[in-house]
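Analysis of the macromolecular model
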2 protein chains.
Amino acid sequence: MYRSDISKTVISRLPRYFRYLGELKDKGTERISSGELSKLMKVTASQIRQDLNNFGGFGQQGYGYNVEYLYDEIGKILGLDRPHNLIICGAGSLGTALAGNPDFINRGFKIRGMFDVDPVKIGKFLHGIEVHSNSEMDEFIRENDIDIAVVAVPGEAAEGLKDKLIEYGIRAIWNFSNTDLNVPEDVIVENVHLLDSLMRLSCDIDSYAAKKVKSNGKG
Amino acid sequence: MYRSDISKTVISRLPRYFRYLGELKDKGTERISSGELSKLMKVTASQIRQDLNNFGGFGQQGYGYNVEYLYDEIGKILGLDRPHNLIICGAGSLGTALAGNPDFINRGFKIRGMFDVDPVKIGKFLHGIEVHSNSEMDEFIRENDIDIAVVAVPGEAAEGLKDKLIEYGIRAIWNFSNTDLNVPEDVIVENVHLLDSLMRLSCDIDSYAAKKVKSNGKG
């Protein structure tokens, strides 16, 4: 089964399946039906069957899915069967927070170095990771087999940085700057637009806010 | 125009429109056609027309959209015409990074306080925001009219915290813990699952990795 045979929409849902299957595996669950998984994940059983049918053949009628097998297969599709080497560009508070996140290393995402333009930060170690000068980036990427660059710099610096990263051979960018990056077709960008996410939340609040005030009777 | 008249899918795209319209507005652009916006945002003009038709009547044939009007209308739908009061639960490195993000305050999202269980952190100020003990949370939420709680604690602490938040009247949760929170129907959760996002990126890498090695001829 190759990644290219699976639709982008299904791919985008795989990390969540992976998370639930991992928890089931840790609890010692060997098999699970689409119905049980449906209750747990709060999506319809038919969507689960449709999504997991992409992996073919191992959701046998009446037997349910083999949790460990499915977990391993999805892990492979997600590229977790081999390690990934990351750099974090931007040693501000967000970059530092990402550097200290234990979840990433546990999944084989190794942060090899951080980069910043601020002379005060260069040479320091944050969560055990050295901050380098941007001028060393080119060599560092080649020597450390870096395949993912995290962009944790302000929006106005992100475009210029992205150009450099591509020039240095990076083809996968995890973008935390609050802007969309223009990249050639062979470069992939995964965006975490925090402000967009917060606005989606505040958008939904308004339909509840009136209710809340009434039911709390506050004031 | 009310939020409830617009589909969830369109809503999820609104922050991106808002971002682009804001940039156009700042540049002094008064009107823009769906075709121009399509090129800029890299989505089809027909999708843009379909999405923005939700706002009715102000995308006149041949005249294009009035940038400022559309920006303001979308801003209202996103709940940005009134301020929101936030607390951040978890004064670790991620919570601290969020507290220091200038984008949020610029959009009317005011972080009023942070909360932690660690006595070493309680009483400190991070980016000018005081860290309180969890035991003060109930009162603080009521007295400061808090409508959004940011969950920036480890996954295993998130469920218990979420129960407390709901008990204290919170109906909107911005969840950064790497777990899905079970909430009643009148509580909304916006998830930022960082590891899921990183796995989507690494998933896509594999289809490019082989190419990269070949074209770089490294080794």
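Structure first, text after, so check above.
Residues numbered from 1 in each chain as written. Chains lettered and ligands numbered in written order. Predicted model: local features only at pLDDT ≥ 70, side-chain atom pairs only at ≥ 80, totals over all residues.

With respect to the overall build of chain A
Of the regular secondary structure elements, chain A holds 9 helices and 10 strands. A total of 219 residues make up chain A; the buried ones form 37% of that total. (Helix = DSSP H or I, 4+ residues; strand = E, 2+ residues; numbered from the N terminus. Buried ≥ 20, exposed ≤ 12 C-beta atoms within 10 Å, placed from the backbone.)

A closer look at the pairing of strand β8 (residues 148–151) of chain B
Residue and element names in this part refer to chain B. Of the two faces of β8, the one carrying I148 and V150 and the one carrying A149 and V151 are both buried. In the sheet, strand β4 (residues 84–89) pairs with β8 via 4 bridges, with the strands oriented parallel. Residue pairing for β8: I88 is matched across the bridge by V150. Each parallel crossover has a hand, and for β8 linked through helix α8 (residues 155–167) to strand β9 (residues 172–175) it is right-handed. (Pairing = 2+ DSSP bridges. Right-handed = clockwise from strand over helix to strand, strands pointing away.)

Comments concerning the interface of chain B and chain A
With 56 residues of chain B at the contact, the number on the chain A side is 55 residues. When contributions to the side of chain B that touches chain A are tallied by element, the ones reaching two or more residues are α1 (8–26), α5 (93–99), α6 (102–106), β9, β10 (188–191) and α9 (194–216) of chain B. When residues of the side of chain B that touches chain A are assigned to their parent elements, the largest contribution, 19 residues, is made by α9 of chain B. (Contact = placed C-beta atoms within 7 Å.)

Observations concerning the sheet that holds β8 of chain B
Residues and elements named next belong to chain B. Here we have 7 strands laid out as an open sheet, ordered β6-β7-β5-β4-β8-β9-β10, and mixed in their pairing. Pairing within the sheet leaves two strands with one partner each, and these edge strands are β6 (125–126) and β10. Bridge analysis of β9 against β10 gives 4 bridges, and the strand direction is parallel. Pairing of W174 across the sheet is with E190, part of β10. Across the face of the sheet, α8 comes into contact with β4, β8 and β9 while running at roughly 170 degrees to β8. (Axes fitted to C-alpha atoms, helices over the stretch in contact; angles between N-to-C directions.)

Re the sheet that holds strand β9 (residues 172–175) of chain A
Residue and element names in this part refer to chain A. Spatially, the 7 strands line up as an open sheet ordered β6-β7-β5-β4-β8-β9-β10, and their pairing is mixed. Edge positions in the open sheet fall to β6 (125–126) and β10 (188–191), since each of these has one partner strand only. Against the sheet, helix α8 (residues 155–167) touches β4 (84–89), β8 (148–151) and β9, its axis set at about 170 degrees to β8.

Thoughts on the nonpolar core
One finds V150 and V151 of chain A together with V150 and V151 of chain B to be the most contacted residues of the largest nonpolar core, which totals 111 residues. Per-element accounting of this core gives the leading share, 6 residues, to α9 of chain B. Leaving out residues up to four positions away in the same chain, V150 of chain A has contacts with L86, I87, I88, C89, L98, W174 and F176 of chain A. (Core = buried A, V, L, I, M, F, W, Y, C linked by C-beta atoms within 7 Å.)

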